[in-house]
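# Inside the fold
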Amino acid sequence: MLALNEQRLEDLEKTLKDLGQASFRGRQLFEYFHKQLGKDLDTCSTLPKSLRENLGDLPLKSVDIAHTFASKKDQTKKFLFRLEDQRLIEGVLMKNNYGYSQCISTQVGCRMGCHFCASTKNGLVRNLSPYEMLGQIYETTRRYGKIHSIILMGSGEPLDNLENVLIFMDILNSPLGYPMSYRNMTLSTCGLVPGILQLAHQDRKVNLALSLHSPFQKIREGMMPIAKRYDLKEIFQALDQYTDQLGRRVSYEYTLIDGVNNREEDLEELKKLLKNRLHHLNLIPLNPIDEYGEDRPERAKVLYFKKRCEDMGLNVTIRREQGGDINASCGQLRQKFEEEEGL
Ligand code: SF4
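The sections below set out a description of the structure shown in this document. Computed from a predicted model, the values in this text were never measured in an experiment.

### Quick notes on the side chain of H213
Along the chain, H213 falls in the loop between β9 (207-211) and α7 (217-223). H213 gets classed as buried once you look at its relative accessible area, which sits at 3%. Engagement of the side chain of H213 in a polar contact is seen with the backbone nitrogen of T255, the distance being 2.9 Å. Each residue touching H213, except ones within four places of it in the same chain, is listed here: F116, M223, M224, E253, Y254, T255 and N261.

### Here's the deal with the packing of aromatic side chains
Under the criterion given, the structure shown has eight aromatic pairs. Ring geometry for Y138 and Y178: centres 6.0 Å apart, planes at 15 degrees, overall stacked. Of this pair, Y138 sits in helix α4 (residues 130-144) while Y178 sits in the loop between α5 (162-173) and β8 (185-189); the two residues are 40 residues apart in sequence, bridging distant segments of the chain. Y178 matches Y138 in its accessibility class, with the two residues each being buried. Taken together, F79, F81, Y100 and Y144 form an aromatic cluster joined through their ring pairs. Seen from the ring of Y178, K146 lies directly overhead, with NZ or CZ sitting 4.0 Å from the centre.

### Overview of the site of the ligand
Taken together, C110, M112, G113, C114, C117, S119, T120, G154 and G156 form the complete shell of residues around the ligand. Its residues placed into classes, the shell around the ligand shows four nonpolar, five polar and no charged.

### Overview of the sheet that holds strand β4 (residues 99-104)
As summarised here, the arrangement of the ten strands in space is β1-β2-β3-β4-β7-β8-β9-β10-β11-β12, forming an open sheet in which the pairing is mixed. The two strands at the open ends of the sheet, each matched to only one other strand, are β1 (64-70) and β12 (316-318). Pairwise comparison of adjacent strand axes, ignoring direction, gives a mean angle of 25 degrees for this sheet. Direction of pairing for strand β11 (residues 279-285) relative to β12: parallel, over a ladder of three bridges.

Definitions and limits used
Residues numbered from 1 in each chain as written. Predicted model: local features only at pLDDT ≥ 70, side-chain atom pairs only at ≥ 80, totals over all residues. Heavy atoms only, no water. Helix = DSSP H or I, 4+ residues; strand = E, 2+ residues; numbered from the N terminus. Buried < 20%, exposed > 50% of the residue type's maximum accessible area, 1.4 Å probe, protein only. Polar contact = N/O pair within 3.5 Å; in protein donor to acceptor, adjacent residues only side chain to side chain. Contact = heavy atoms within 4.5 Å. Phe/Tyr/Trp six-rings, centres within 6.5 Å; stacked < 30°, edge-to-face > 60°. Lys NZ or Arg CZ within 6 Å of the ring centre and 35° of its normal. Near = heavy atom within 4 Å. Nonpolar A, V, L, I, M, F, W, Y, C, P; charged D, E, K, R; others polar. Pairing = 2+ DSSP bridges. Axes fitted to C-alpha atoms, helices over the stretch in contact; angles between N-to-C directions.

Distances and angles like these do not, on their own, reveal function.
Structure below.
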């Protein structure tokens, strides 16, 4: 059973009903957890004391900020969140002109094995529960104010934990909760086709981003082992269904690696893949990790690649580098601290 503070409104109402309470008590409790960001039932003054004592035996989940790293170059902050089993997960908070956006983890570790990513080095430890995702947002909100948008791109593959991710998104979107619109949520996947299809055939209008990284099947397989299971043809068929059903464009994350995916043939193939699809191509110069021996292209090469994409009619941006001085790439901080703590 999910903890009280990670149940959808209708499930929480049912939990309270099963305890012999009117359903509006479930609503009050939901608002306390997700609108007021309450953590301790003792401070939930809308509920009678006798009911609070009754509920005291049912579990609540918690997430704490264990470490904060503030960039000296910009307003980016990186966090290590501590879970109840002492595991650590990472998150990044970025300040934009429209407000804060936050990168959220969905699993402790990851089993997808992308060669350029530190989060996967020790495999998957476990899935995060819905509150362990909500708590990342609530804790930063308490300190810095409302978060405008989120991207599920921290450690973990969101579609590998889709059931909990959907509960998390539903609670976050609820008008009685935080609330954050589905449209301000972006789910980034390495290409799990069954999950993409599941997203295509439901009505939450969340944004979808694919970690593309190469338009060539063989090169992609060399970077991302999961590509051997779902090839590009199958992935694009699923993405087309997502666009057809929900009318939404797909974002393509493209980590630029010198000599690997920034060649002329990559440009030509990208054009074939994206030109006639609703798309946004996001170029990310490689943030090297020790175990991955490839190089980031020089700035001039990054700009050239972008210009060529524009000339071909692609909708392209270079991701603004934020928090470059705080080791902000995926998984590196968590790995360092967990090693120090012997986890
Ligand atoms: S890039 Fe994402 S999917 Fe790939 S290993 Fe890292 S966390 Fe997992």
